[in-house]
Amino acid sequence: MKIRWLLVLCVWLPFERVFALAPESHKNSSKPTSLLPLSKTGTSVADIQVTGTITDDKGEILPGVSILLKGTSIGTTTNSEGKYSLNIPDGTKDPVLIFSFIGYTTEEVTVGNRTSVDVKLLPDLQSLSEVVVVGYGTQKRSDITGAVASVPKARLSQLPITNVLQAIQGSVAGVNISQGSSVPGSAPSVSVRGQNSINASTTPFIVVDGIPLSKTGGSLNDINPNDIESMEILKDASAVAIYGVNGSNGVILITTKRGTSGKPTIRYNAYTGIENYAHILKPRNGEQYLQKYKDYMIQTGQTQTSPVPNYDELPNYNAGITTDWIKESSQTGILQDHNLSISGGSDKTRYFISGEYLDQKGVIKGYQYKRVSFRSNLDVDVTNYLTAGTSLFIANNNYDGGRSNLLNASAMSPYGQMYNADGSYKIYPMFPEQLYTNPLLGLTTDRVDRSTNVNGNAYAQIKFGGALNGLKYRMNLGYTYLPTRTASYTGRPANDMLGTARTSYSETNSFVLENILSYTKDWGVNHLDVTALYSAQQRRYNTSSANATGFVNDQLSFNNLGAGATQTSTSYADRYALNSQMGRINYSYDSRYLLTLTARRDGASVMGGNTSKYGIFPSAAIGWNISNEAFMKNISPISNLKLRFSYGKSGNEAINVYGTITTNGTVRSPFNGVSTIGAVAGNLGNGDLHWESTLSRNLGLDFGFLNNRFSGSIDIYSNTSKDLLLLRSLPIITGYSSVWDNIGETSNKGIEVTLNTHNIDKGDFKWESTIVFTSNKNRIVDLYGDKKDDLGNRWFIGQPVSVVYDYKMAGVWQTGEDASSQDPGAVAGDLKFADLNGDKKITADGDRMILGQRAPKWTGGLTNTFHYKNLHLSIFIQTAQGITRNNPDLTYADETGKRNTPIDVGYWTAENKSNTRPSLAFKNPRGYGYASDASYTRIKDVTLSYVFGQKIVDKLHLGSLTAYASGRNLHTFTNWIGWDPEAVQQSRGVGDWANNYPVTRSFVFGINVTLR
């Protein structure tokens, strides 16, 4: 035993000597500290004590401010209450204190004979964004060579959101976010710099506290927006190359809040408010509905024998009773969110703990979302060279509940009967019409939909000293466990006479291990930063489900599937793995000339078995801080001027696990009178499948004028994606419909502009503005190597990936016009289409054209922020232009005689001679999609806040107090006819009806409180 301990000691001592050379890092403590010269006996020789409180321009306390006695090493920091105490040695001549804090201007104050010095620090607009998270480290903003956008911190608080992407929609150049459905708890779609791929995923890679959130089964819904400290978006090759295969669609980096040394700080943030429809596409009322039916019968040449189309509508018609089905299916939405956090620590340990409860009741009955989350971030200085920490969170998402059907509600006759005589819901309110059921039937069903994300990240970092000073080793370890459970039962009250039960359970287990070496060295005017990485990721997923039908009653719901007459079950499992190595070099000379070199090597399990599975993705970038040149010193109007250029390659392997392997499916069929399982063609694999790659070029200019009164950036980029992961169509006679292949090429070009201005700064009044503008041009360069279009998939060479391809409407045939020569069979009231090829016929081959693109041609945002003393007003306007979409709310085909229609839609009659809408008899035989302009400009949010002054806060014994009111989606300016130009409404029989949930408007009131 003695020999064993002697060996351990011999091994440990050399390392201890190396680490002992590492300098002690100074940490803030819970009490004001002073660095004083000591006598030989250890007693202080200072005899003048200066105290005070440090606040910002809004009167809020600033903990952690550094105070230094000029010309000495004597200093201290403010505690959690913003207070400090500093002893100045006797005999110091004209003492001057220097107050400095990251993000604020440095102040020098002459003490004189005072013993109390209070200071108010003003924001330094340039240094606020000085340190930026860039992935596997941080950089000064002035040293960044890539295209990195930081989300304004003001967008991360005081907004009624459930997903942080909702807060940055329209506020960051180059990032397109669309909220197609406002279902409570739904996540918006996001793309960075357009659509590079056609079939493969184009969702950006998301990293939280250095650990990937993407590909773990989790989503940003699991992250409490109040826990986020900063959010950066990496856009060009130089910025994303460190993430290699995961970076081709951009990278979103999220850093959560961490603790600081000092007394515990307790913060409570809460808001509550209401939601309603931002716009209602109103169906026809009773009188308008009757007129429509009358016109329908006339236009279709039928004899009207009843004032209403269906027998069950007569009782209400005769009684003069009408029902507003939209109103009956809706309710006032209620929002409430409560956040409690505690942060603090000692000089060796820092912690941040938070908890959240979010409850959202939707505007459509039955829709709801609840989230309960807990986070614990811990950092510990184990020794002067070893730091360790954890980032742990758990989030539970609850989407339970049966739901009303908005599509059916909009289709109901105002004379339809809602209830049976016994008070139960009438299944067919317009019987004998059975195309549409009662929209409230979903409320009678049982439905469970829940997920939990248990995420644990840990790190350990060693700082070397002596000859190895500047070298750091960091190990990151992340683990995610995400179980989900869904279950439903539909019984007799919901028109299922047999009863159907479904249950499913899935779980995802993910881990990531990263080893990171970094080395930083400064000599003279040279700065070098080197980073090396080796990482391994793995995800395992499995799911099982069971269904049953044929229950004798509805009492057991989904709790006993064995009681059903027929049971079926399925299960599935897969595994994904990724191994990576990365190296990055950042070099700067005199803060003028910048160089970044990066290379990453990724190996993914999803690639073909006949390939190496590995790909290498290099990039290079240069930067020139022109404003730091000597010849710029006398050009005072220019505060900042930097030119950036980057070029590099990133990859994309975003296809399904086992997508390159040929697999068979199963089918049950009778064989010799016995039910037997057989094999059928499933997926056709491609063992040669390899990486889709994107070449990116970016030219950027960062600028600031008049002491940064005007600042911003301009980026011009060009991306070319080759060897696309494309689903090649196959003749169905082969038994397969498609196969993954590396074919095709796309191009994305665009410009991004961000401009920050300080319009007025006089006395108590300030006015600031932020303008962002993005224009993206996406096109398909090639598909199958022959430069030919793919008409079936609506892919056209030289055109955007997602387009609307259809006939061009030229109006409506009017009474007396002869359509026989161009469109035989067309009658007055039918749509008139343009004869594009001039052959006097309307044919699918010659008379269809590209009518527009589904993605916006350009987007923009304007934020105006006004400050008057403690009152602050922020107004944000968002716009998306150049969008064309087919409009399902204009396409009812032969349903017009059976359903209600929106009053805004209208229809042709011989009297009104509409030239935009067809008659009710029009059957739309060509399947025209009614392409419409979906561009819009929206007053996205307005927030009014008041920061209570220190005197009031002191009387309330609080640290700080802010109250605010915020409105979201207040008004939309658009030519779109429908619920909302952004909402994706599904027609009957197409897609998921549950997502027919239009954009909502919300009004909330909230407070942010800091306790002493």
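Residues numbered from 1 in each chain as written. Predicted model: local features only at pLDDT ≥ 70, side-chain atom pairs only at ≥ 80, totals over all residues. Heavy atoms only, no water.

A. Focus on the sheet that holds strand S10 (residues 148-150). With respect to topology, five strands assemble into an open sheet ordered S10-S15-S16-S13-S14, the strand pairing being mixed. At either margin of the open sheet sits one strand with a lone partner, and together these are S10 and strand S14 (211-212). (Pairing = 2+ DSSP bridges. Helix = DSSP H or I, 4+ residues; strand = E, 2+ residues; numbered from the N terminus.)

B. Fine view of the sheet that holds strand S3 (residues 75-77). Strand order in this open sheet of four strands is S3-S2-S5-S6, and the pairing throughout is antiparallel. The outermost strands of the open sheet, each flanked by one partner alone, are S3 and strand S6 (107-110). When strand polarity is set aside, the average angle formed by the axes of neighbouring strands in this sheet is 20°. For strand S2 (residues 66-69) and strand S5 (residues 96-100), the ladder comprises four bridges, and the chain directions are antiparallel. (Axes fitted to C-alpha atoms, helices over the stretch in contact; angles between N-to-C directions.)

C. Up close: the pattern of salt bridges. This structure, assessed with the given rule, holds 26 salt bridges. Close ionic contact of Lys235 with Glu752 constitutes a salt bridge, the shortest N to O distance being 2.8 Å. Of this pair, Lys235 sits in the loop between strand S15 (228-234) and helix H3 (237-240) while Glu752 sits in strand S36 (residues 745-762), placing them 517 residues apart in sequence. The residue Arg592 makes a salt bridge to Asp590 at a minimum N-O spacing of 2.9 Å. Look at Arg592 and you get buried, because its relative accessible area is 16%. (Salt bridge = Lys/Arg side-chain N within 4 Å of Asp/Glu carboxyl O. Buried < 20%, exposed > 50% of the residue type's maximum accessible area, 1.4 Å probe, protein only.)

D. Quick look at the pairing of strand S11 (residues 175-178). Across the two faces of S11 the burial differs, with Val175 and Ile177 buried and Asn176 and Ser178 not buried at all. Here four bridges tie S11 to strand S12 (residues 189-192), and the two strands are oriented antiparallel to one another. Bridging from a neighbouring strand, Val175 pairs with Val192 of S12.

E. Molecular detail of the nonpolar core. If you look at the biggest cluster of nonpolar residues, it comprises 22 residues, and the most contacted ones within it are Leu165, Ile168, Leu220, Met231 and Ile233. For this core, the secondary-structure elements that each account for two or more residues are helix H2 (164-168), S11, S12, strand S13 (205-208), S15 and strand S16 (251-256). For Met231, the contacting residues outside a window of four places in its chain are Ala149, Ser150, Val151, Val164, Leu165, Ile168, Ile252, Leu253 and Ile254. (Core = buried A, V, L, I, M, F, W, Y, C linked by side-chain atoms within 4.5 Å. Contact = heavy atoms within 4.5 Å.)

F. Here's a closer look at unusual backbone geometry. In the segment running from Phe431 into Pro432, the intervening peptide bond is cis, with an omega of 15°. Among the structural elements, Pro432 can be located in the loop between helix H7 (406-411) and strand S22 (446-463).

G. Examining the confidence of the model for the protein more closely. In the predicted model, the protein carries a mean pLDDT of 88, and the fraction of residues at 70 or more is 93%. Contacts for the low-pLDDT stretch residues 1-46, under 50 throughout, to residues beyond four places or in other chains number 75 contacts. Low confidence marks residues 125-129, where pLDDT is under 50. Its contacts with residues over four positions away, or in another chain, come to seven contacts. (pLDDT = per-residue confidence, 0-100.)

H. Examining the environment of Ser769 more closely. Looking at where Ser769 falls in the secondary structure, it is placed in strand S37 (residues 765-782). Those residues in contact with Ser769 that lie beyond four places of it in its chain are Leu755, Asn756, Thr757, Asn759, Thr863 and Asn864. Side-chain polar atoms of Ser769 contact the side chain of Asn759, separated by 2.8 Å. One polar contact links Ser769 to Asn864, side chain to side chain, over a distance of 2.5 Å. (Polar contact = N/O pair within 3.5 Å; in protein donor to acceptor, adjacent residues only side chain to side chain.)

I. Structural context of the pairing of strand S48 (residues 1000-1011). Sheet analysis places strand S17 (residues 262-277) next to S48, joined by 12 bridges and oriented antiparallel. The residue of S48 that forms the bridge with Thr272 is Phe1005.

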